[in-house]
Amino acid sequence: MGLLVDGKWQDKWYDTAKTGGKFEREAARFRNWVTADGSPGPSGDGGFKAESGRYHLYVSMACPWAHRTLIFRKLKGLEKHISVSVVHPDMVENGWEFRPDDDQHKDHLYNFRFMHEVYTKAAPDYTGRVTVPTLWDKERETIASNESAEIIRMFNSAFNGLEGVDAELDFYPESLRPEIDEVNERVYHTVNNGVYKAGFATAQDKYEEAYRALFESLDWLEERLSRQRYLVGEQLTEADWRLFTTLIRFDAVYYSHFKCNRQPIREFPNLSGYLRDLYQVPGVAETVDIGQIKQHYYVSQRTINPTQIVPVGPALDFDAPHGRDKFGE
Ligand SMILES: N[C@@H](CCC(=O)N[C@@H](CS)C(=O)NCC(=O)O)C(=O)O
């Protein structure tokens, strides 16, 4: 675990001392937008046109933020247009790594050993964290974006003109945007990032603050999902996929490793059925790798789990009937 400073790798854990024990996530630095015609998006530069074969996605199967992008790539039919490399789940002294001899965990573009080499190839004097997901532009040999919330928006619409892409499938429809944004805002701060705030806190009060906000939000979501099939009405939206990647990791990792242990998701009747419902959407199960998820958190985060023992349980069955069709198809 570490970061780049002026293009040099430094092995350092998160600095929570300057924030009184509170974990604060750093903002992503590469914020260009891939657009249908290459015109500039809401931030960054223009010139990133949506073209088949031009972009490469670096992900970890363990990472909830990267997971969003894999789901969108899958569901929108982008697999043959956007290639992928998966880092090894163990993220230790050198940060995210590739294993050149292991086809599953190699860098298919440059055969680099470390993810930080991808960052310094794009920006030799880069200072900041080296995170996944990272969307690489093979043509300009640079990082188009390393912000998952924006990558999924690009995947949702920019590539719609390409062959085989499901242009009808819209996870961010115009009319639902205000409500999606509102749900995302609360879910991001208290749930997606909330579990990290609890797990990475180094002061009791900061942990408890995050824990309380997290379970208040889970109770709120549980109630909302007792009335409707999905978070924003009766159609699947971006808000659901953003929540999904945290829920799927919850019982196996966040409950124990991050001390989010008031109750597991499987004890929330609506949230657990909802989680299985989303898991059973065709294509989604292939993006979920519980083995790599557990391996990553328990082995990499040695300040939290110094023995690096990976727990065997819990038993999880995301294929069990979800019962959510009672709200209609
Ligand atoms: N804002 C980023 C956050 C991504 C992120 O923090 N990814 C984690 C993995 S789950 C990471 O790569 N962490 C490495 C580090 O912080 O050094 C996004 O949503 O894309």
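Residues numbered from 1 in each chain as written. Predicted model: local features only at pLDDT ≥ 70, side-chain atom pairs only at ≥ 80, totals over all residues. Heavy atoms only, no water.

Per an unreviewed UniProt entry, the chain goes by the name Putative glutathione S-transferase and belongs to Marinobacter pelagius.

**Describing the UniProt feature "domain: GST C-terminal" (unreviewed entry) in the chain**
Under the present numbering, the feature "domain: GST C-terminal" (unreviewed entry) in UniProt falls on residues 173-297. Structurally, residues 173-297 is divided into 64% helix and 0% strand, and its ends, taken at the C-alpha atoms, are 34 Å apart. (UniProt positions renumbered as here; feature names shortened; annotations may be inferred. Helix = DSSP H or I, 4+ residues; strand = E, 2+ residues; numbered from the N terminus.)

**What to know about the sheet that holds strand E2 (residues 8-10)**
Strand order in the open sheet made by the 3 strands is E2-E1-E5, with antiparallel pairing throughout. Here the strands that pair on one side only, and so sit at the sheet edges, are E2 and strand E5 (128-129). Judged from the 3 bridges that link them, strand E1 (residues 3-5) and E2 form a sheet pairing that is antiparallel. Across the sheet, residue leucine 3 finds its bridge partner in E2, namely glutamine 10. (Pairing = 2+ DSSP bridges.)

**Some remarks on the side chain of asparagine 146**
Structurally, asparagine 146 can be placed in the loop between strand E7 (142-145) and helix H3 (148-157). Reaching out from asparagine 146, the side chain makes a polar contact with the backbone nitrogen of arginine 29 at a distance of 3.3 Å. Engagement of the side chain of asparagine 146 in a polar contact is seen with the side chain of tyrosine 119, the distance being 3.2 Å. (Polar contact = N/O pair within 3.5 Å; in protein donor to acceptor, adjacent residues only side chain to side chain.)

**A closer look at the domain arrangement of the chain**
In terms of domain boundaries, the chain breaks down into domain 1 (3-157) and domain 2 (174-327). Between the C-alpha centres of domain 1 and domain 2 there is a distance of 22 Å. Every contact between the two is made by 34 residues of domain 1 and, on the other side, 38 residues of domain 2. Taken together, the two surfaces of domain 1 and domain 2 that pack against each other cover about 3,100 Å², and 60% of this comes from carbon and sulfur. There are 4 salt bridges connecting domain 1 and domain 2. The salt bridge partner of arginine 153 is aspartate 181, with a shortest N-O separation of 3.5 Å. (Domains from an automatic or database assignment. Contact = heavy atoms within 4.5 Å. Buried area = accessible area lost by both parts, 1.4 Å probe. Salt bridge = Lys/Arg side-chain N within 4 Å of Asp/Glu carboxyl O.)

**Comments concerning the UniProt feature "site: Lowers pKa of active site Cys" (unreviewed entry) in the chain**
As recorded in UniProt, the feature "site: Lowers pKa of active site Cys" (unreviewed entry) lies at Tyr254 and Tyr297. Separation in sequence by 44 residues is not matched in space for these annotated residues, since their most distant C-alpha atoms are only 9.2 Å apart. Residues within four places of tyrosine 254 in sequence aside, it is in contact with Pro64, Val195, Tyr196, Thr246, Arg249, Lys259, Cys260 and Tyr297. By secondary structure assignment, the location of tyrosine 297 is in helix H9 (residues 290-300). Look past the residues within four positions of tyrosine 297 in its chain and what remains in contact with it is Ala62, Pro64, Tyr196, Arg249, Val253, Tyr254, His257 and Phe258. Side chain to side chain, tyrosine 297 and tyrosine 196 meet in a polar contact 2.6 Å long.

**Describing the pairing of E7**
When strand E6 (residues 134-137) meets E7, the two strands line up antiparallel, connected through 3 bridges. Each bridged residue has a counterpart across the sheet, and for leucine 135 the counterpart in E7 is serine 145. Counting the residues between successive antiparallel strands, the hairpin from E6 to E7 contains 4 residues, one of them, glutamate 141, with a positive phi of roughly 50 degrees.

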